[in-house]
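# Overview (structure and organization)
Take a look at the letters that make up each chain.
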Amino acid sequence: MNFRSIRTLTGILSKNSEMQMPEKTLYKVLALIAALGIMIPCCVIVGFISYVMTEALLEAGSPGGGMLFELQILSAFSMVFGILVIFSIMFFSSDREHFVTLPIPAHHLMMSKFFFAYFAESVMEFMILIAVFIGYFLAIGKNLGVARALNPVGIVASIIGTALIPMVPMIYCAIFSLILMACLSRVKSAGIFYRLSSIFLLIFAALFVYSLKGIGEINMENYVESLGSGDNTFLRTLNIIFFPVPWLSDAISKGSILLLLIYLVGNVSLLVMLYFLGKALYQKGLYTAASLGSSKKSQIKSKDIVEQSQLKTSLMKEIRVILRTKAFSGNCAYINIIWPVGIFMLFHFTKDKGFMADFIQMYQSGKDRAEMILVVSVIAIAFIATALNSLASTAFTREGQHLSLIKYIPVPYGTQIMAKALVSLIFTYPMLVLTDIIICIYMKVGILEMLFFAVLMFMAHVLSIMIGMGLDSTAPYVEWDDEYSALRGNLNVFFNMAIMMVLTLVVGLLGVLLYEVLKLPITAYNILIFIILAGATVHFGMTAPPRIIKNLDNI
């Protein structure tokens, strides 16, 4: 294996893989807000969960069980969400035609693309893993003493694990990609591959649900007990699939150098397997990818050419791009389904116990505080859902290197902007309304209040669209190699989420100020938040399009 060649190629691929930070104070402020509002809180929450689970499993005689479960969950998520990224980068990135003409061994190119994807996809996971290990060591130090927590082997193993935990699932993704591309040489369709991530997700979800069988009442205490006893089907299965992870967990909890070495050997063995499999199959896979690309061409028939309004044509173009591009359809369109499904599951499994039961009871008894919390929650869902699907914050990024064409096609800027805003509304707002209906059914909210929540969600959604499109028009990221890079490497997505989290915090603080401090009735809060959202929506609706047009003129 020529490490120098692979390292050089990886550096070349990484050089322009992500959007460069614009030299503007606003973007620097947004970066700080995003770090403080998204990344750090996520890490703190994960670290706290690790701390609590470790303490609980210490009582069950399994001090490393909580850490092992979190590491395996992270491995499973890496595999589910990494499979399409690896597939796209290895076989369908725009630099494929350029590299294959160079005197570079195909398997060296494959390994460099693998390492590039591995590092690019794992940055946030590295931070989460650090939080997992910190939570674990804090719990060990509190319950078993500082000397046990500061075991040198355990600390070194955790540092190594931070770098290598995401590698095994990514290797599996690369191996699946190579084997399936070899099989696709006769199938001539990549459709089966694009469904693979969904299949993996369903398999892991089914295993998790099956692991709930036999634990009695479904709650955290019983589930943690099943982890400590070793009877958890989900964890046992993940331990088989991601077999090096238990070695790392035991190396950390027991301070075993031997287990740490075995863990390293397991990772190296899988990496060597990938290398030789790539040497045998990657070149063939590149030929298959080229043939699949050419097979997508289709003839335009005269009956398909119909006269439509400019807005309808622009809107249909946006919808087709999103639905026919797997990266966009999964991450921008279908992701909105998680809100009604997630809210339904939350209420269905917790409505009769714990905090949710108390909250429902508090609301139905007429407590103003419960209504204030519910108003903040529905607005927060609308803000975060719109930012999370990134339809608005990639509105112009999705055009890629053809963005300048929007200047020359015979369609006014205003019409194109309206189409891009409408496509976000079409894919997002119906799911928000469905979420609102589910919440109101379980909370036994009246029709008028349900409609009021729907209006608040609409205004928050439109406001988020305008902000996201404004950000993306200011500094669109067009130099991307594949669609996943357009989403993953676009700082506008990250910054839009930061702004929405700040707005959510403002809405919540306003409720606390009016209700808890000034002791005003909830009606005053509802009226004020309606006026503020309506004013902001109208203001941005009138001022954002001209600013976006000005930004497009400067492209």
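Remember, predicted model here, so these are calculated numbers, not experimental data.

### Considering the overall build of the chain
- Across its full length, the chain carries 24 helices and zero strands.
- Each of the 555 residues in the chain was classed as buried or not, and the buried ones make up 51%.
- Residue pairs in contact within the chain that sit at least 24 positions apart in sequence constitute 83% of those at least 6 positions apart.

### Quick look at a nonpolar patch on the surface
- Taken together, the side chains of Leu323, Tyr334, Ile337, Val341, Phe344, Met345 and Phe349 present a nonpolar region at the surface, about 640 Å² in accessible area.
- Take the nonpolar patch: its biggest share by element is four residues, from helix α17 (residues 338-350).
- With respect to the element layout, phenylalanine 349 can be found in helix α17.
- Taking relative accessible area as the criterion, phenylalanine 349 reaches 44% and is therefore assigned partly exposed.

### A closer look at the confidence of the model for the chain
- Across the chain, the average pLDDT comes to 80, with 81% of residues at or above 70.
- Note that residues 294-305 has pLDDT below 50 and, in this model, two contacts with residues that lie over four places away or in other chains.

### Considering the pattern of salt bridges
- Here the structure, examined in full by the defined rule, presents six salt bridges.
- A salt bridge links lysine 317 to glutamate 318; its shortest N-O distance comes to 3.4 Å.
- Judged by its relative accessible area of 35%, lysine 317 falls in the partly exposed class.
- Residues arginine 398 and glutamate 318 are paired through a salt bridge, measuring 3.2 Å at the closest nitrogen-oxygen approach.

### Quick word on helix α15 (residues 310-324)
- In a regular helix each residue adds 1.5 Å, so 15 residues correspond to 21 Å; α15 covers 21 Å between its end C-alpha atoms and thus fits that length.
- Residues of α15 that are buried include every one of Ser314, Leu315, Glu318, Ile319 and Ile322, and no others. Take α15 and look down its axis: the buried residues cluster within an arc of 135°, on one side only.
- On the buried face of α15, the contacting elements are α16 (326-333) and α20 (413-443).

### So, helix α19 (residues 368-389)
- Over its 22 residues, α19 runs 32 Å from end to end, which matches the ideal 32 Å to within 8%, given 1.5 Å per residue.
- Along α19, 16 of the 22 residues are buried, which leaves the element largely enclosed by surrounding structure.
- Downstream of α19 by a residue or two, serine 390 has a phi angle that is positive, lying close to 60°.

### With respect to the packing of helix α21 (residues 447-474) against helix α24 (residues 522-553)
- Where α21 contacts α24, the axes come no closer than 9 Å and their chain directions differ by 25°. One element, α21, and the other, α24, form an angle in the roughly parallel class. For the element pair α21 and α24, the recorded crossing hand is left-handed.
- A class-by-class count of the residues in the contact of α21 with α24 yields 18 nonpolar, seven polar and no charged.

### Brief notes about the side chain of asparagine 492
- Summarising the element assignment, asparagine 492 is placed in helix α23 (residues 491-517).
- A relative accessible area of 0% places asparagine 492 in the buried class.
- A polar contact is formed between the side chain of asparagine 492 and the side chain of aspartate 472, at a distance of 3.0 Å.

### Some thoughts on the packing of aromatic side chains
- As enumerated under the stated definition, the model contains 14 aromatic pairs in all.
- Consider the rings of tyrosine 118 and phenylalanine 126, whose centres lie 6.2 Å apart with planes at 80°: the pair is edge-to-face.
- For tyrosine 118, a relative accessible area of 2% gives the class buried.
- Accessibility expressed as a relative area gives 19% for phenylalanine 126, which makes it buried.
- Between phenylalanine 494 and phenylalanine 495, the ring centres sit 6.5 Å apart and the planes meet at 40°, which makes this aromatic pair tilted.
- Here phenylalanine 495 falls in the buried class, since its relative accessible area comes to 1%.
- Taken together, Phe114, Phe115, Tyr118, Phe119 and Phe126 form an aromatic cluster joined through their ring pairs.

### Topic: unusual backbone geometry
- A positive phi is found at serine 390, a non-glycine position, where the angle reads about 60°.
- Among the structural elements, serine 390 can be located in the loop between α19 and α20.
- Unusually for a residue other than glycine, lysine 444 sits at a positive phi of about 60°.
- In this structure, lysine 444 sits in the loop between α20 and α21.

### With respect to the nonpolar core
- Among the nonpolar cores identified, the biggest contains 93 residues, and Leu71, Phe91, Phe114, Leu274 and Tyr282 are the most heavily contacted of them.
- Element by element, the count of residues in this core is highest for helix α5 (residues 106-144), at 19 residues.
- Look past the residues within four positions of phenylalanine 114 in its chain and what remains in contact with it is Ile86, Met167, Met170, Ile171, Ala174, Leu271 and Leu274.
- Core analysis: the next-biggest nonpolar cluster, separate from the first, contains 49 residues, Phe347, Leu374, Leu471 and Ile499 among them.

### Side note on the environment of threonine 54
- For threonine 54, the location among the structural elements is in helix α2 (residues 25-59).
- The class for threonine 54 is buried, based on a relative accessible area of 0%.
- Expressed as a C-alpha distance, the spacing of threonine 54 and glycine 135, which sit 81 residues apart in the sequence, is 8.0 Å.

### Some details on the environment of tyrosine 51
- With respect to the element layout, tyrosine 51 can be found in helix α2.
- Sequence separation between tyrosine 51 and phenylalanine 137 is 86 residues; the distance between their C-alpha atoms is 7.9 Å.
- Sequence-distant contacts of tyrosine 51, defined by excluding residues within four places in its chain, comprise Gly135, Leu138, Ala139 and Lys142.

### Regarding the packing of α17 against α19
- Close contact between α17 and α19 brings their axes to 11 Å; oriented N to C, the two are set at 135°. One finds that α17 runs oblique with respect to α19. Counting all contacts with α17, which are made through Ile338, Trp339 and Ile343, the residues of α19 involved are Ile381, Ile384, Ala385 and Leu388.

The rules behind the values
- All chains use their own residue numbering, which begins from 1 and follows the written sequence.
- At least 70 in pLDDT is required for a residue's local features to be given in this predicted model, at least 80 for side-chain atom pairs to be given and counted, and no such filter applies to totals for whole chains, interfaces and linings, which use all residues.
- Excluding hydrogens and water, the side-chain figures rest on all heavy atoms present in the structure.
- Under the DSSP-based scheme used, a helix requires at least four consecutive residues in state H or I and a strand at least two consecutive residues in state E, with every element numbered from the N terminus.
- Exposure is judged per residue with a 1.4 Å probe applied to protein chains only, and the accessible area is read against the type maximum: over 50% gives exposed, under 20% gives buried, and values in between give partly exposed.
- By the convention used here, residues are in contact when the closest approach between their heavy atoms is within 4.5 Å.
- Nonpolar side chains (Val, Leu, Ile, Met, Phe, Trp, Tyr) within 5 Å and like charges within 9 Å form the patches, drawn only from residues with over 30% relative accessible area and no salt bridge.
- Here the Shrake-Rupley method, with its probe set to 1.4 Å, supplies the accessible areas, and only the displayed protein chains count as covering residues.
- Here, a salt bridge means any Lys or Arg side-chain nitrogen found within 4 Å of an Asp or Glu carboxyl oxygen.
- Every residue carries a pLDDT, the predictor's confidence in it, which falls somewhere between 0 and 100.
- Multiply 1.5 Å by the residue count of a helix minus one, and that product is the helix's expected span.
- In this description, one arc is meant: the one made by directions from the helix axis to the C-beta atoms.
- As a rule, the C-alpha atoms of each element are fitted with a line to give its axis, helices using only the stretch in contact, and angles between N-to-C directions run from 0 to 180 degrees.
- Our angle categories are set so that under 35 degrees counts as roughly parallel, over 145 as roughly antiparallel, 65 to 115 as roughly perpendicular, and the remainder as oblique.
- Here a crossing is called left-handed whenever its near helix is offset anticlockwise from the far helix by less than a right angle, and right-handed whenever the offset is clockwise.
- Charged residues are taken to be Asp, Glu, Lys and Arg, nonpolar residues to be Ala, Val, Leu, Ile, Met, Phe, Trp, Tyr, Cys and Pro, and polar residues to be all remaining types, Gly included.
- Polar contacts, as counted here, are pairs of nitrogen or oxygen atoms within 3.5 Å of one another; within protein the pair requires one atom able to donate a hydrogen and one able to accept it, and residues that are adjacent in sequence qualify only if both atoms are side-chain atoms.
- Any two of the Phe, Tyr and Trp rings considered here, Trp counted by its six-membered ring, make a pair once their centres fall within 6.5 Å; the pair's planes then place it as stacked at under 30 degrees, edge-to-face at over 60, or tilted in between.
- Think of a nonpolar core as a cluster: buried Ala, Val, Leu, Ile, Met, Phe, Trp, Tyr and Cys residues, connected wherever their side-chain atoms sit within 4.5 Å.

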